[in-house]
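Overview (structure and organization)
Read off the chains here:
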Amino acid sequence: MKYRAVIFDLDGVICHTDENHYLAWKSVAEDLGIPFDRDDNDRLRGVSRRESLEILLEAHDEEMEEAEKKHWTDRKNHRYRESLHTLTPEDLDPGVPETLSAVRKMGLLMAIGSSSKNAKFILERLGLADAFDGISDGNGIIKSKPDPEIFLRAAGLLGVTPEECLVVEDAKAGIEAALAAGMDCAAIGDGTRYGLAQYNLDHITDIVAILEQSTRETIGGYR
């Protein structure tokens, strides 16, 4: 098989907490008197909390000190985490456990590659704390997506090369990060709009067919 590992983004792929992020950032924007809608929110998808604030502040007239910036990112994170306490395994797309089980049966390694610093907490709430062989999140990186660091770190945690990894992403920044890391990428959701990834998925379960095809082509001598 060409691929030895699958690296999954979290928000928008394994679970759908995009709305939680949107509402938390919208509340911060309202407190700051900054207009904020879903189009604005699209620019924040896949990037770090601090970089998201910087994007938000592009529409803010006043300079902001570092301590104040930390105040607002902390406030956003507090509101976001509060909303996550209602998450349960029932909030998972039915296709996620099926897909993870199928990938595991193929003998592939699996990791999370998410800019979120709440990744482990979210996985615990969803009952997936032990489902992955590695978690590369916002707590262990310096540069967020579209920089490839988060995916290269995931590959390092798994002990595989970038060429042996397939990334599943829904954000443009994440797809760009995967490609910059030298990894193949399967886009899902909004990520399919950009025409950047090697594969487009209608549903997360579609990744299984891609991996099976990779196996057949390897056995057939095409790779």
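The structure we're discussing is the one just above.
The following refers to the structure shown.

Okay, helix α4 (residues 66-84) next. Taking 1.5 Å per residue as the helical rise, α4 with its 19 residues ought to reach 27 Å, and the 27 Å between its terminal C-alpha atoms agrees with that figure. For α4, the elements touching its buried residues are α1 (18-32), α3 (49-56) and α6 (119-125).

Regular strands have side chains that alternate between both faces of the sheet. For strand β2 (residues 109-113), a buried count of four out of five residues is recorded, marking the element as mostly surrounded by other parts of the structure. Judged from the four bridges that link them, strand β1 (residues 5-8) and β2 form a sheet pairing that is parallel. For Val6, the partnering residue across the bridge sits in β2 and is Met110. As defined by bridge partners, β2 adjoins strand β3 (residues 134-136) across three bridges and the pair is classed as parallel. When the sheet's bridge partners are listed, Gly113 is paired in β3 with Ser136. Taken together, β2, α6 and β3 constitute a β-α-β crossover, and its handedness is right-handed.

Attention now moves to the sheet that holds β3. The strand order across the open sheet formed by six strands is β3-β2-β1-β4-β5-β6, and the pairing between neighbours is parallel. Each edge of the sheet is formed by a strand with only one pairing partner; in this case those strands are β3 and β6 (199-201). Averaged over all pairs of adjacent strands, the angle between strand axes in this sheet comes to 25°, irrespective of strand direction. Pairing of strand β4 (residues 165-169) with strand β5 (residues 184-188), which is carried by four bridges, proceeds in the parallel orientation. Counted as the bridge partner of Leu166 is Asp184 from β5.

Attention now moves to the packing of aromatic side chains. Within the structure shown, the criterion is met by two aromatic pairs. Ring plane angle 25° and centroid distance 5.9 Å describe the contact between Tyr22 and Phe36, whose orientation is recorded as stacked. Here Tyr22 is found in helix α1, whereas its partner Phe36 is found in the loop between α1 and α2 (38-42), with 14 residues between them in sequence. Relative accessible area serves as the criterion here: at 7%, Tyr22 is assigned to the buried category. Between Lys76 and the ring centre of Tyr80, over which it is positioned, the NZ or CZ distance is 4.4 Å. Over the ring of Phe121 we find Arg81; its NZ or CZ atom is 4.2 Å from the centre of that ring.

What follows covers the side chain of Arg45. As for its placement among the helices and strands, Arg45 is situated in the loop between α2 and α3. Relative accessible area serves as the criterion here: at 14%, Arg45 is assigned to the buried category. Excluding anything up to four places from it in sequence, Arg45 contacts Asp18, Asp170, Ala171, Ala173 and Asp190.

All right, on to the pattern of salt bridges then. Across all of its chains, the model carries 18 salt bridges by this definition. Notably, a salt bridge pairs Lys145 with Asp9, separated by 3.1 Å at the nearest N-O pair. On the criterion of sequence distance, the pair formed by Lys145 in the loop between β3 and α7 (149-158) and Asp9 in the loop between β1 and α1 is long-range, its members being 136 residues apart. With respect to burial, Lys145 and Asp9 carry one shared label: buried.

The rules behind each value
- Residues numbered from 1 in each chain as written.
- Predicted model: local features only at pLDDT ≥ 70, side-chain atom pairs only at ≥ 80, totals over all residues.
- Heavy atoms only, no water.
- Helix = DSSP H or I, 4+ residues; strand = E, 2+ residues; numbered from the N terminus.
- Expected span 1.5 Å × (residues − 1).
- Contact = heavy atoms within 4.5 Å.
- Buried < 20%, exposed > 50% of the residue type's maximum accessible area, 1.4 Å probe, protein only.
- Pairing = 2+ DSSP bridges.
- Right-handed = clockwise from strand over helix to strand, strands pointing away.
- Axes fitted to C-alpha atoms, helices over the stretch in contact; angles between N-to-C directions.
- Phe/Tyr/Trp six-rings, centres within 6.5 Å; stacked < 30°, edge-to-face > 60°.
- Lys NZ or Arg CZ within 6 Å of the ring centre and 35° of its normal.
- Salt bridge = Lys/Arg side-chain N within 4 Å of Asp/Glu carboxyl O.

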